[in-house]
Amino acid sequence: MTELQKSYAQSLIQYATLLGAVNAVVFDIKDIVFDPRTIIKCMFGCSDWGKGLTCPSANPQMKMEDYEKIFKKYSFGIVVQANDKKTNQDISFELERKAFQDGYYFAFSLSDCAVCKQCAGFEGKDCNNKKKARPAFHSVGIDVFKTVHRLGLPLYTLKENDDRPQNWYAAVFIE
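We now turn to the structure provided with this report. Fair warning: this is a prediction, and the values are worked out from it, not measured in the lab. (Residues numbered from 1 in each chain as written. Predicted model: local features only at pLDDT ≥ 70, side-chain atom pairs only at ≥ 80, totals over all residues. Heavy atoms only, no water.)

**Quick look at the packing of aromatic side chains**
Move 1: Inspection of every chain in the model, using the stated rule, returns 8 aromatic pairs.
Move 2: For the pair Phe-71 and Tyr-74, a centre-to-centre distance of 5.9 Å together with 20° between the ring planes defines the contact as stacked. Exposure class is identical for Phe-71 and Tyr-74. Each is buried.
Move 3: Here the aromatic cluster, defined as three or more aromatic residues joined through ring pairs, consists of Phe-27, Phe-71, Tyr-74, Phe-108 and Phe-173. (Phe/Tyr/Trp six-rings, centres within 6.5 Å; stacked < 30°, edge-to-face > 60°. Buried < 20%, exposed > 50% of the residue type's maximum accessible area, 1.4 Å probe, protein only.)

Take a look at the structure:
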């Protein structure tokens, strides 16, 4: 990563914190762990599978290796941690928007979509917010656990009656 990229990433981290992120850290693309097994966790365990318009099932012509090829074209980015799904998406989308406006026109965020209270796909309709809807970090073949642990961030599986805060992660890819 160049010094200019490092400096820019630091400004985005400060901005993410101002917006309410619990944590925000820079990543180099080599820090992102791709694993196609993530798709089986989506297929068997996620209520959005086959319905949610940002889930891989809505775009079956794209394969996990296609997503990996796309995201490995990026140089760096920011991982954002929040304790609320909607906050996490709002912050990551705002970072994407800012990076785009600052000339990083391929900036793209991955966050578990929380734009609508219920995805229109559950009713067989088209997306109501195509400009803001984004796929989840894990749904494109990224092992979120290994990736965030590699970056020194906390992530653990929650058990029943677990009173620890839930961690939501998003990634903003920048090039």
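Having seen the structure, we can now continue with the description.
**What to know about the sheet that holds strand S4 (residues 168-174)**
Move 1: Pairing is antiparallel across the open sheet formed by 4 strands, whose spatial order is S1-S2-S4-S3. Of all the strands in the sheet, just strand S1 (23-28) and strand S3 (108-110) have a single pairing partner and so form its edges. Averaged over all adjacent pairs, the angle separating strand axes in this sheet is 20°, with direction ignored.
Move 2: Sheet topology places strand S2 (residues 76-82) next to S4; 7 bridges connect them, and they run antiparallel. Following the sheet pairing, Gly-77 is matched in S4 by Phe-173.
Move 3: Lying over the sheet, helix H4 (residues 85-101) contacts S2, S3 and S4, oriented at roughly 10° with respect to S4. (Pairing = 2+ DSSP bridges. Helix = DSSP H or I, 4+ residues; strand = E, 2+ residues; numbered from the N terminus. Axes fitted to C-alpha atoms, helices over the stretch in contact; angles between N-to-C directions. Contact = heavy atoms within 4.5 Å.)

**A word on the pattern of salt bridges**
Move 1: Under the defined criterion, the tally for this structure stands at 9 salt bridges.
Move 2: Of the charged contacts in the structure, one is a salt bridge between Asp-112 and Lys-85, with a shortest N-O distance of 4.0 Å. Placement of Asp-112 in the loop between S3 and helix H5 (144-150) and of Lys-85 in helix H4 is noted, with a sequence separation of 27 residues between them. (Salt bridge = Lys/Arg side-chain N within 4 Å of Asp/Glu carboxyl O.)

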